[in-house]
Amino acid sequence: MACSDSMLKDRFRGCLLGLAVGDALGGRFEAKAAEHIRARFPTPAALFAYPDDELWYTDDTQMAIGVAEALTAHGEIIEEHLCRAFVSNYVPSRGYGRGARVVLDTMEEGGDYQAVAEKHFPGGSYGNGAAMRVAPVGLMFRDERQQLWEQARRSALPTHRHPLGIEGAQLLALAVSFASHTCRFDREAFFADLLGACESEEYRAKLQSAAEVKTPADLVGLGNRIEALHSVPTSIAAFALTPESFEETVGNLILLGGDTDTLAAMGGAISGAYLGERQLPGRLVGLLETSPKGGAYLGQLADELFSAYERRFRQPSPA
Ligand code: F2R
Ligand code: MG
Ligand code: MG
């Protein structure tokens, strides 16, 4: 069901802030086993009640900021500008992927990063690093499916050249776009849309399983790993399981253990694009770091992305 546009700006904000909250909360548990997390936090509610200090985000949000800044400035993904944004935001202590670090170091030194991205892992990276940062593309190109698919590909290429790394980003962008259009979530239409866009058998099989998920325990079989194929469908399924609750979507993902920051960043972005900032947990949004590119900046960047989207896709309203 299509939704009135009056809430759209709130959805742009919800998406970026939801990504950051998921990333920052999940970042406290990255690489921990599910049992370890569940022993202390048996439910999403317990997990969400626990932080009372600043929430620092990781590379997921840092790179999504780069994508949003490049889109805001240029209205589309232009590799040179995107790389500049990645480098200017690069803080290695935020916990980047092993291969991504090598590519970004090469980019920073002005070296041949494309060759590194091609060869560091044979066939390129299939990590979830392109998907974790792609949400702004899903917002910006929410009205243009083919553009969205191509722009998501371009946003992946500087670091992720393996088809499974790229397709993970494309599917995540499509999920964000779908969520941002929806007033009353239609699970069947959501999965039909994603399955219709799938290019590989690997993602088709995973998304078919994702469409069958009925309880949080079913999410386990989809994976909690650093590879896009074993995390993007999981995040999509978690959102589709509890679309009306950011806390449950993000909490259920963190309680899977493993790549918790990235699972929660991706699920948080989709959930935030659907629910809008007004339905995010305000207490946790308020705890986002107060650094120059912290919570306040993310809200402002979302507003700027919304303006860039309006400039590119909307006719000015008659006076
Ligand atoms: N890396 C982390 N967290 C580790 C902890 C960091 C620590 N705190 C620190 O301070 O150092 N998190 C972030 O990395 C993930 C995104 O990774 P990205 O950007 O995809 O990186 P990369 O290296 O390209 O791929 C990730 C891993 O996937 C495997 N892999 C990928 N392609 C492969 C291929 N073709 N063949 C074999 N393996 C491949 C490798 O193990 C890569 O290292 C997010 O979780 C983000 O939060
Ligand atoms: Mg991270
Ligand atoms: Mg991660």
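The following refers to the structure shown.

Cut-offs used in this document
- Residues numbered from 1 in each chain as written.
- Chains lettered and ligands numbered in written order.
- Predicted model: local features only at pLDDT ≥ 70, side-chain atom pairs only at ≥ 80, totals over all residues.
- Heavy atoms only, no water.
- Helix = DSSP H or I, 4+ residues; strand = E, 2+ residues; numbered from the N terminus.
- Buried < 20%, exposed > 50% of the residue type's maximum accessible area, 1.4 Å probe, protein only.
- Contact = heavy atoms within 4.5 Å.
- Arc of directions from axis to C-beta.
- Donors = N, O, S within 2.8 Å, 3.2 Å for Na, K, Ca; no water.
- Tetrahedral: all angles 85-135°; square planar, octahedral: opposite > 155°, others 65-115°.

What follows is about the environment of A210. Of note, A210 is situated in helix α12 (residues 201–211). What makes A210 buried here is its relative accessible area of 0%. With residues near it in sequence (within four places) discarded, A210 still touches R187, F191, L222, P233 and A237.

Those residues of helix α5 (residues 79–88) not exposed but buried are L82, C83, A85 and F86. One face of α5 carries all of its buried residues, which in axial projection span an arc of 160 degrees. Of the surrounding elements, those touching the buried residues of α5 are α4 (59–74), α6 (98–108), α7 (113–119) and α9 (145–156).

Coordination of the magnesium ion (ligand 2) by the protein is provided by T58 (OG1), D59 (OD), D60 (OD) and D261 (OD), with metal-donor distances spanning 2.0 to 2.3 Å. For the magnesium ion (ligand 2), the donor residues sit on a single chain with the sequence spacing T-D-D-x200-D. Between the two metals, the magnesium ion (ligand 2) and the magnesium ion (ligand 3), the spacing is 3.6 Å, and D261 donates to both.

The next thing to look at is the coordination of the magnesium ion (ligand 3). Each protein donor to the magnesium ion (ligand 3) is listed here as E30 (OE), D259 (OD), D261 (OD) and T262 (OG1); together their distances run 2.0 to 2.4 Å. Given six donor atoms and angles of 78 to 178 degrees at the metal, the environment of the magnesium ion (ligand 3) is assigned as octahedral. Sequence spacing of the donor residues for the magnesium ion (ligand 3), all on one chain, is E-x228-D-x1-D-T. E30 sits in the partly exposed class, given a relative accessible area of 33%. You can call T262 buried: its relative accessible area is 2%.

Our focus in this paragraph is the environment of I77. Within the element layout of this structure, I77 appears in the loop between α4 and α5. Residue I77 is classed as buried on the basis of its relative accessible area of 2%. Separated by ten residues in sequence, I77 and V67 place their C-alpha atoms 7.9 Å apart. For I77, the contacting residues outside a window of four places in its chain are V67, L71, L82, V137, Q151, R154 and S155.

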